[in-house]
Amino acid sequence: MYAIVNASEILQIKDNGKPRSGKEMSELNLITDHTIVIDKEKIIDILPEKELKNKYPNIKLIDAQYNLVMPGLCDSHTHLVFGGSRHVEFEMRASGIDYMEIHRKGGGIQSSVNATRKISEEKLYRTSLKRLKDLFKYGTTSVEIKSGYGLDLETEMKQLKVANKLKDLNPDIKTTFLGAHSKPEEFDTHTEFIEYLNKKVLPVIADEGLADFIDIFCEKGVFSPDDARKHLNEGKKYGLIPKLHADELAYSKAAEVASEVGAISADHLLCASEDALSSMKENNVIATLLPATLYNLAKKEYPKARLMIDSIKLPVALASDFNPGSCYCENLFLTMHIACQYMKMTPAEVIVATTINGAYAMGLEKDCGSIQIGKNADILIIDAPNYQYLPYHFGINPVKKVIKRGVVLQ
Ligand SMILES: [Zn+2]
């Protein structure tokens with residue numbers, strides 16, 4: 001048992017029983033002069049610091065040295081398990097070639113597919129484990145991990161097995177079957193490929209209990225809304241909860257499908273219609289925004305976060321989209337900065353969006369995303385005097401200490 005003392009501010013970001021939206025997205029439940037008591041994996045008490053000695057004499061102390069204390073970050077959209085690297089494409093993009101053009105030339109996702117099919121499960125595990133450890137360094141204590149670089153039974157299984165094995169290091173991982181990420185070269189049409197996934201891959205993935213969610217890249221020129229409907233509804237039969245890559249590059253009516261199938265979240269949403277966003281609100285679909293991807297693709301437009309938060313009152317989560325192609329960046333603090341700069345979210349909103357709302361977007365809200373009695377002791381000590389510093393002092397890693405389920409990692 002131990003207590004964290006001398007925090008400049010503690011951001012509790014309490015769970016209100018549903019993902020935060022509208023004005024609640026600016027409420028951090030900030031307290032000062034308080035201490036957090038941790039026993040084994042859990043937070044067991046939060047009390048004024050002056051009462052600590054009486055109630056818990058001789059308790060071990062961790063000194064926050066007048067730094068900020070906040071919940072561990074919850075990254076609800078990553079592609080962390082992959083083979084190979086796409087640094088050559090970065091170089092191509094830097095010389096002005098468009099992402100979709102690289103995709104059409106057989107680069108893009110297909111090149112990661114080729115590399116992921118080739119790599120052994122053992123090597124895939126070792127490289128992914130290193131990435132997961134790097135996420136801890138950047139304060140990410142719970143994470144969603146997608147497949148989608150296999151696009152065949154064997155490799156999708158390999159990716160998901162690796163993602164599940166990573167739970168030995170971090171139990172707060174959720175896994176997503178994203179077989180419908182891209183059509184592999186060996187299939188002629190997207191519809192044929194969806195048939196294959198539904199008949200040959202999905203049943204095995206589901207039987208082996210390898211995934212919590214099912215996801216699809218629903219986008220003009222990739223999978224259609226009809227493909228998405230068919231595939232996600234099939235996944236639901238096996239108990240998988242839908243998520244979507246929705247309207248990322250063009251208006252593709254994917255956000256509409258998210259509402260229709262009862263998705264937990266629709267992600268990206270740059271080109272979603274206002275009507276579709278309103279319908280997401282009615283159907284409790286979380287809007288997960290991934291601005292670091294747009295930043296990396298040097299896009300000029302960003303999702304309309306102000307419209308979502310102020311008018312539609314959609315709960316907004318922010319995630320990294322960590323992947324080898326469009327966003328090779330695991331630093332959610334940088335994502336927060338980009339969200340403030342280009343989507344005009346406030347510092348408080350970006351923190352809510354990467355903690356409690358991120359936890360909701362993964363179904364981990366019971367244990368993660370806030371500093372409350374009974375929850376996991378997933379806590380960060382941040383080298384900053386106040387919460388505004390998180391997006392303000394950008395391009396650095398401000399994490400001083402990471403506590404994961406009560407274990408002090410660094
Ligand atoms: Zn993605």
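Residues numbered from 1 in each chain as written. Predicted model: local features only at pLDDT ≥ 70, side-chain atom pairs only at ≥ 80, totals over all residues. Heavy atoms only, no water.

Chemist: Looking at this structure, how should I read the overall build of the chain?
Modeler: Helix and strand counts for the chain come out as 16 helices and 16 strands. Relative to a compact globule of 410 residues, whose C-alpha radius of gyration would be 22 Å, the chain shows 21 Å and is just as compact. For the chain, the proportion of its 410 residues judged to be buried stands at 61%. Taking as baseline every contact in the chain between residues at least 6 positions apart, the subset at least 24 positions apart corresponds to 71%. When the accessible area of the chain is evaluated, it comes to approximately 16,000 Å², of which 50% is carbon and sulfur surface. Here the chain holds 51 positive side-chain charges and 55 negative ones, and the gap between their average locations is 2 Å. (Helix = DSSP H or I, 4+ residues; strand = E, 2+ residues; numbered from the N terminus. Rg over C-alpha atoms; globule rule 2.2 N^0.38 Å. Buried < 20%, exposed > 50% of the residue type's maximum accessible area, 1.4 Å probe, protein only. Contact = heavy atoms within 4.5 Å. Areas by Shrake-Rupley, 256 points an atom, 1.4 Å probe, with all protein chains shown as cover. Lys, Arg positive; Asp, Glu negative; His and termini not counted. Charge placed at Lys NZ, Arg CZ, Asp CG, Glu CD.)

Chemist: Can you walk me through the packing of helix α13 (residues 332-343) against helix α14 (residues 347-354) in this structure?
Modeler: Packed helices, taken two at a time, are described by their axes: the angle between them and the distance between them. For the pair α13 and α14, the least separation of the axes is 9 Å and the interaxial angle reads 135°. Considering their axes alone, α13 and α14 lie oblique with respect to each other. Every pair of crossing elements has a handedness; the one defined by α13 and α14 is right-handed. Side by side, α13 and α14 meet where Leu332, Met336, Ala339 and Cys340 of the first sit next to Pro347, Val350, Ile351 and Thr354 of the second. (Axes fitted to C-alpha atoms, helices over the stretch in contact; angles between N-to-C directions. Parallel < 35°, antiparallel > 145°, perpendicular 65-115°, else oblique. Left-handed = near helix turned anticlockwise from the far one by under 90°.)

Chemist: It is not clear to me how the UniProt feature "binding site: Fe(3+)" (unreviewed entry) in the chain should be interpreted in this structure. Could you clarify?
Modeler: The sites that carry the UniProt feature "binding site: Fe(3+)" (unreviewed entry) are, in the present numbering, His77, His79, His245 and Asp321. In summary, the annotated positions, though distributed over 245 residues, converge in three dimensions, the widest C-alpha pair being only 12.2 Å. Positionally, His77 belongs in the loop between β6 (73-75) and α2 (87-94). Judged by relative accessible area, which is 0%, His77 ranks as buried. Structurally, Asp321 can be placed in the loop between β13 (316-318) and α13. Among the residues examined, Asp321 registers a relative accessible area of 2% and is labelled buried. (UniProt positions renumbered as here; feature names shortened; annotations may be inferred.)

Chemist: Explain the packing of aromatic side chains to me, please; I cannot follow it from the model alone.
Modeler: What characterises a pair of aromatic rings is the spacing of the ring centres plus the angle enclosed by the ring planes. Tallied over the entire structure, the rule returns 10 aromatic pairs. Taking the centre distance of 5.2 Å and the plane angle of 85° together, the rings of Tyr389 and Tyr392 count as edge-to-face. Placement of both Tyr389 and Tyr392 in helix α16 (residues 389-392) is noted, with a separation of three residues, approximately one turn of the helix. Grouped by ring-pair contacts, the aromatic residues Phe82, Tyr149, Phe322 and Tyr328 constitute a single cluster. Cation over ring: Lys243 sits above Phe213, and NZ or CZ is 5.0 Å from the ring centre. (Phe/Tyr/Trp six-rings, centres within 6.5 Å; stacked < 30°, edge-to-face > 60°. Lys NZ or Arg CZ within 6 Å of the ring centre and 35° of its normal.)

Chemist: Can you help me understand unusual backbone geometry in this one?
Modeler: Apart from glycine, the bulk of residues carry a negative phi angle, and the bulk of peptide bonds sit in the trans form. Residue Lys253 is not a glycine yet carries a positive backbone phi of 60°. When you line up the elements, Lys253 lands in the loop between β10 (241-246) and α9 (254-261). What makes Lys253 partly exposed here is its relative accessible area of 46%. Of note, the phi angle at Ala298 is positive, near 55°, even though the residue is not glycine. On the secondary structure map, Ala298 appears in the loop between α11 (291-296) and α12 (305-312). Exposure remark for Ala298: the relative accessible area of 60% places this residue in the exposed category.

Chemist: Would you mind showing me how to read the UniProt feature "binding site: 4-imidazolone-5-propanoate" (unreviewed entry) in the chain here?
Modeler: Mapped onto this structure's residue numbering, the UniProt feature "binding site: 4-imidazolone-5-propanoate" (unreviewed entry) falls at Arg86, Tyr149, His181, Glu248 and Ser326. For the largest pocket, the lining residues among the annotations just cited are Arg86. Residue position: Arg86 is located in the loop between β6 and α2. Side chain to side chain, Arg86 and Glu89 meet in a polar contact 2.9 Å long. (1 Å grid on protein atoms, 1.4 Å probe; cavity = no way out; pocket = protein on both sides within 12 Å on 5 of 7 lines; lining within 4 Å. Polar contact = N/O pair within 3.5 Å; in protein donor to acceptor, adjacent residues only side chain to side chain.)

Chemist: Quick question: what am I supposed to make of a positive patch on the surface here?
Modeler: Together, Lys18, Lys23, Lys281 and Lys313 make up a region of like positive charge exposed at the surface. Judged by its relative accessible area of 39%, Lys313 is partly exposed. (Patch = residues over 30% accessible without salt bridge, like charges linked within 9 Å, V, L, I, M, F, W, Y side chains within 5 Å. Salt bridge = Lys/Arg side-chain N within 4 Å of Asp/Glu carboxyl O.)

Chemist: I tried to follow helix α5 (residues 121-137) on my own but got confused; where do I start?
Modeler: Its 17 residues give α5 an end-to-end C-alpha distance of 24 Å, which sits within 8% of 24 Å, the value for a rise of 1.5 Å per residue. Taken as a whole, α5 has its buried residues at Leu124, Tyr125, Ser128, Leu129, Arg131, Leu132, Asp134, Leu135 and Phe136. In this fold, the buried residues of α5 make contact with α4 (109-118), β7 (140-146), α6 (153-165), β8 (173-180) and β15 (399-404). Downstream of α5 by a residue or two, Gly139 has a phi angle that is positive, lying close to 85°. (Expected span 1.5 Å × (residues − 1).)

Chemist: Quick question: what am I supposed to make of the coordination of the zinc ion here?
Modeler: Perfect tetrahedral coordination of a metal by four donors corresponds to 109.5 degrees between them, and perfect octahedral coordination by six donors corresponds to 90 or 180 degrees. Surrounding the zinc ion are the protein donor atoms His77 (NE2), His79 (NE2), His245 (NE2) and Asp321 (OD), at 2.1 to 2.7 Å. In this structure, the zinc ion is coordinated by four donor atoms arranged in irregular fashion, with angles at the metal of 80 to 164°. Mapped onto the sequence, the donors of the zinc ion take the spacing H-x1-H-x165-H-x75-D. The exposure classification of His77 matches that of His79, with both residues buried. (Donors = N, O, S within 2.8 Å, 3.2 Å for Na, K, Ca; no water. Tetrahedral: all angles 85-135°; square planar, octahedral: opposite > 155°, others 65-115°.)

Chemist: Help me understand helix α7 (residues 190-207), please; the structure alone is not making it clear to me.
Modeler: Owing to its 3.6 residues per turn, the α-helix brings residues three or four apart onto one side. Spanning 18 residues, α7 covers 24 Å between terminal C-alpha atoms, matching the ideal 26 Å at 1.5 Å per step. Every buried residue belonging to α7 is among His190, Phe193, Ile194, Leu197, Asn198, Val201, Leu202, Pro203, Ile205 and Ala206, and all of these are buried. Packed against the buried residues of α7 are α6, β8, β9 (213-218) and α8 (225-237). Residue Gly209 follows α7 closely and has a positive phi angle near 65°.

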